[in-house]
Amino acid sequence: MTDRPASPDALDDWARMLRERFDLVPDDVPVSLVLDLARDIAAGVSPSAAPVSAFVAGLVAGRAHATATDAADVVATIAALAHRAAAHATPAAAPTAPA
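Residues numbered from 1 in each chain as written. Predicted model: local features only at pLDDT ≥ 70, side-chain atom pairs only at ≥ 80, totals over all residues. Heavy atoms only, no water.

Quick notes on the nonpolar core
Counting residues in hydrophobic clusters, the biggest one holds ten residues: Leu-37, Ile-41, Ala-49, Ala-50, Ala-57, Val-74, Val-75, Ile-78, Ala-79 and Ala-82. Those elements that provide at least two residues to this core are helix H2 (31-44), helix H3 (49-63) and helix H4 (68-88). Take this core: its biggest share by element is five residues, from H4. (Core = buried A, V, L, I, M, F, W, Y, C linked by side-chain atoms within 4.5 Å. Buried < 20%, exposed > 50% of the residue type's maximum accessible area, 1.4 Å probe, protein only. Helix = DSSP H or I, 4+ residues; strand = E, 2+ residues; numbered from the N terminus.)

As for the packing of H2 against H3
One way to put it is that H2 packs onto H3 with a least axis distance of 8 Å and a crossing angle of 135°. Considering the angle they form, H2 stands oblique to H3. The handedness of the crossing between H2 and H3 comes out as right-handed. Taking contact as the criterion, the partners of Val-34, Leu-37, Ala-38, Ile-41 and Ala-42 in H2 are, on H3, Ala-49, Ala-50, Ser-53, Ala-54 and Ala-57. Residue composition of the contact of H2 with H3, by class: nine nonpolar, one polar and no charged. (Axes fitted to C-alpha atoms, helices over the stretch in contact; angles between N-to-C directions. Parallel < 35°, antiparallel > 145°, perpendicular 65-115°, else oblique. Left-handed = near helix turned anticlockwise from the far one by under 90°. Contact = heavy atoms within 4.5 Å. Nonpolar A, V, L, I, M, F, W, Y, C, P; charged D, E, K, R; others polar.)

Notes on the environment of Ala-68
With respect to the helices and strands, the residue Ala-68 is situated in helix H4. A sequence separation of 39 residues divides Ala-68 from Val-29, and the C-alpha atoms of the two residues are 9.2 Å apart.

Focus: a nonpolar patch on the surface
Among the surface-exposed residues, Val-52, Phe-55, Val-56, Leu-59 and Val-60 lie close enough to one another that they form a single nonpolar patch of about 430 Å² accessible area. Assessed through its relative accessible area of 52%, Val-52 is described here as exposed. (Patch = residues over 30% accessible without salt bridge, like charges linked within 9 Å, V, L, I, M, F, W, Y side chains within 5 Å. Areas by Shrake-Rupley, 256 points an atom, 1.4 Å probe, with all protein chains shown as cover. Salt bridge = Lys/Arg side-chain N within 4 Å of Asp/Glu carboxyl O.)

Quick notes on the side chain of Asp-40
On the secondary structure map, Asp-40 appears in helix H2. Here the side chain of Asp-40 touches Arg-39 through a polar contact of 3.2 Å, side chain to side chain. Filtering out sequence-adjacent residues up to four positions away, Asp-40 remains in contact with Val-45, Ala-79, Ala-82 and His-83. (Polar contact = N/O pair within 3.5 Å; in protein donor to acceptor, adjacent residues only side chain to side chain.)

Take a look at the structure:
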């Protein structure tokens with residue numbers, strides 16, 4: 001792999017390549033749904049939790065032979081968990097000024 005900047009169409013091209021390789025239809029690869037999930041997890045839990053969460057969403061949906069609606073429900077459940085985790089997170093202590 002190289003450290004080259006991605007073209008604006010790189011994600012669309014990548015999604016198309018995945019669909020072609022694995023004989024999927026566009027609804028099987030809900031790019032915007034996955035990106036929204038990744039954004040919510042990165043903001044609510046941590047950036048490194050985003051790919052793990054996306055993997056788990058796909059795993060759960062696949063094991064359930066989910067429809068696109070079912071997959072969206074799985075993503076919504078994971079996003080809700082992230083929002084709960086963020087609400088229960090202890091805020092970082094504010095630095096105190098020296099006395």
